[in-house]
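Notes for the structure review
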Amino acid sequence: MARIIAGVGSSHVPAIGAALDNGKTEEPYWKRVFSGFEKSKEWMAKTKPDVAIVVYNDHASAFSVEMIPTFALGCAAEFPPADEGWGPRPVPVLKGHPELAAHIAQSVILDEFDLTIVNKMEVDHGLTGTPKEWPCPVIPLAVNVVMYPPPTGHRCYMLGKAIRKAVESYPEDLKVVIFGTGGLSHQISGPRAGLINSKWDKSFLDNLTKDPKKLTRIPHIDYMREAGAEGIEMVMWLIMRGALDDKVEEIYRFYTVPASNTAVGHIILENRRKAAGKSKPAARKQAAARRAYQRVASKRR
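Every value quoted in this text rests on a predicted model; they were computed, and no experiment measured them.

As a further point, take the pairing of strand 7 (residues 138–143). Across a regular strand the side chains alternate sides, sitting on one face of the sheet and then on the other. Extensive coverage of strand 7 is indicated by the burial of 6 of its 6 residues. The alternating pattern of strand 7 places Val 138, Pro 140 and Ala 142 and Ile 139, Leu 141 and Val 143 on opposite faces, both of which are buried. Bridge count for strand 2 (residues 51–56) against strand 7 is 5 bridges, and the pairing is parallel. Within strand 7, the residue paired with Val 55 across the bridge is Leu 141.

Here it is, written out as structure tokens:
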């Protein structure tokens, strides 16, 4: 069966993409930001995931005030880069995994999470990465953290659990990594523009590893007050965390300020390794899940 092996948290900042596109990664201001991702690139090359689920927020590229889905799952075969006002970034078209995405949609919706299924969608800086092609297919999950009301941290955490259940009922043997993006503390407008709260950010990262349920109890107003107007993006990291084991191994952490007036955080969490081989009950459970899926698929034909 498919399985989620790790979660990655990472800030997304439009200026990071601009620095990449314009060859500024070695400039003193940007060098420390990009150097913090070198170990992550090595980890990704070593881990070789088959699929990445990327939780991010759309910045009025695919959606607008005319249509605001709380959770929108990209089920297309590909996702082109969006034009955010200065032309699409020079990055490859993102390749999707429509089979697994459709399976997740079915499982999660039947678990009473009302996802919006999106079969055509452009993706912006919340998801587009380096000028190189992603090393695996990507399933985008867009979350509304732009217009009030955004989902609560608890709702996001429970959605992560539902996604894990969906992935583990998919019969193909796939290694899946789930990303939570956005944040950390920042505010881009108003009297508090430029606000960064490193103490809050580091406490959030600590609890993301050790006590995620504590984070699920943080109300929206605390994010606004402590982490700035855009700090609410951090609830998306809880979808990633909810999809992992209760206890995880923190493989890597990186934190720096600022990057275009934003605190940049990055963390890699792996599910704790279990003994090699499957127990008989686990093997039976996996076989039963595969048979059930095949029965449903054959009826659809």
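Read on for the rest.
Going through the model one piece at a time under the given rule, you end up with 14 salt bridges. The closest approach of N and O atoms between Lys 161 and Asp 246, which form a salt bridge, is 3.7 Å. Residue Lys 161 is located in helix 5 (residues 153–168), and its partner Asp 246 is located in the loop between helix 9 (235–242) and strand 9 (248–256); the two are separated by 85 residues in the primary sequence. Residue class for Lys 161 comes out partly exposed when judged on its relative accessible area of 29%. With a closest N to O distance of 3.5 Å, Arg 225 and Glu 226 form a salt bridge. Residue class for Arg 225 comes out partly exposed when judged on its relative accessible area of 45%. Salt bridges here are not isolated pairs; linked through shared partners, they connect Arg 164, Glu 168 and Asp 245.

With that settled, consider the packing of aromatic side chains. Scanning all chains against the criterion turns up 6 aromatic pairs. Taking the centre distance of 6.0 Å and the plane angle of 65° together, the rings of Phe 37 and Phe 254 count as edge-to-face. Of the two residues, Phe 37 is situated in the loop between helix 2 (28–35) and helix 3 (38–47) and Phe 254 in strand 9; the sequence distance between them amounts to 217 residues. The pair Phe 37 / Phe 254 is uniform in exposure class, with both members buried. Here the aromatic rings of Phe 204 and Trp 237 are separated by 6.3 Å at their centres, their planes lie at 80°, and the arrangement is edge-to-face.

For helix 2, every residue scored as buried is listed here: Trp 30, Val 33 and Phe 34. Buried residues of helix 2, viewed axially, fall in a sector of 90°; they line one side. Here the buried face of helix 2 lies against helix 1 (14–21), helix 3 and strand 9.

Another point: the environment of Phe 254. Take Phe 254: its relative accessible area is 13%, and that puts it in the buried class. When the C-alpha positions of Phe 254 and Val 264 are compared, they lie 8.1 Å apart, and in sequence the two are 10 residues distant. Not counting residues within four places of it along the chain, the set of residues in contact with Phe 254 comprises Arg 32, Val 33, Gly 36, Phe 37, Val 264, Gly 265 and His 266.

This part covers the pairing of strand 10 (residues 264–271). Of all the 8 residues making up strand 10, 8 are buried; the element is thus mostly covered by neighbouring parts of the structure. Burial along strand 10 is two-sided: Val 264, His 266, Ile 268 and Glu 270 and Gly 265, Ile 267, Leu 269 and Asn 271, pointing in opposite directions, are all buried. Inspection of the sheet shows strand 1 (residues 3–10) paired to strand 10 by 5 bridges, in the antiparallel sense. Its bridge partner being in strand 10, Val 8 is matched across the sheet by Ile 268.

What follows concerns the environment of Thr 256. Here Thr 256 shows up in strand 9. Taking the C-alpha atoms as reference points, Thr 256 and Ser 198, separated by 58 residues in sequence, lie 8.9 Å from one another. Those residues within four positions of Thr 256 in sequence are excluded, and the remaining contacts are Arg 32, Val 33, Thr 262, Ala 263 and Val 264. Polar side-chain contacts of Thr 256 include one of 3.2 Å to the side chain of Arg 32.

Taking 1.5 Å as the rise per residue, helix 5 with 16 residues should run 22 Å; its terminal C-alpha atoms sit 23 Å apart, in good agreement. By the burial criterion, the buried members of helix 5 are Gly 153, Cys 156, Tyr 157, Leu 159, Gly 160, Ala 162, Ile 163, Arg 164, Ala 166 and Val 167.

Turning next to the sheet that holds strand 9. Picture the strands of a sheet paired through backbone hydrogen bonds; they go either parallel or antiparallel. The 8 strands lie next to each other as 6-3-7-2-8-1-10-9, forming an open sheet whose pairing is mixed. For this open sheet the edge positions go to strand 6 (116–118) and strand 9, each flanked by a neighbour on one side alone. Taking each pair of neighbouring strands and ignoring which way they run, the sheet shows an average axis angle of 20°. In the sheet, strand 3 (residues 71–74) pairs with strand 6 via 3 bridges, with the strands oriented parallel. In the strand pairing of strand 6, Ala 72 is matched with Thr 116. Of the strands in this sheet, strand 1, strand 2, strand 3, strand 7, strand 8 (175–181) and strand 10 are in contact with helix 5, which crosses strand 1 at around 145°.

Rules behind the numbers
Residues numbered from 1 in each chain as written. Predicted model: local features only at pLDDT ≥ 70, side-chain atom pairs only at ≥ 80, totals over all residues. Heavy atoms only, no water. Buried < 20%, exposed > 50% of the residue type's maximum accessible area, 1.4 Å probe, protein only. Helix = DSSP H or I, 4+ residues; strand = E, 2+ residues; numbered from the N terminus. Pairing = 2+ DSSP bridges. Salt bridge = Lys/Arg side-chain N within 4 Å of Asp/Glu carboxyl O. Phe/Tyr/Trp six-rings, centres within 6.5 Å; stacked < 30°, edge-to-face > 60°. Arc of directions from axis to C-beta. Contact = heavy atoms within 4.5 Å. Polar contact = N/O pair within 3.5 Å; in protein donor to acceptor, adjacent residues only side chain to side chain. Expected span 1.5 Å × (residues − 1). Axes fitted to C-alpha atoms, helices over the stretch in contact; angles between N-to-C directions.

Geometric values such as these leave the question of function open.
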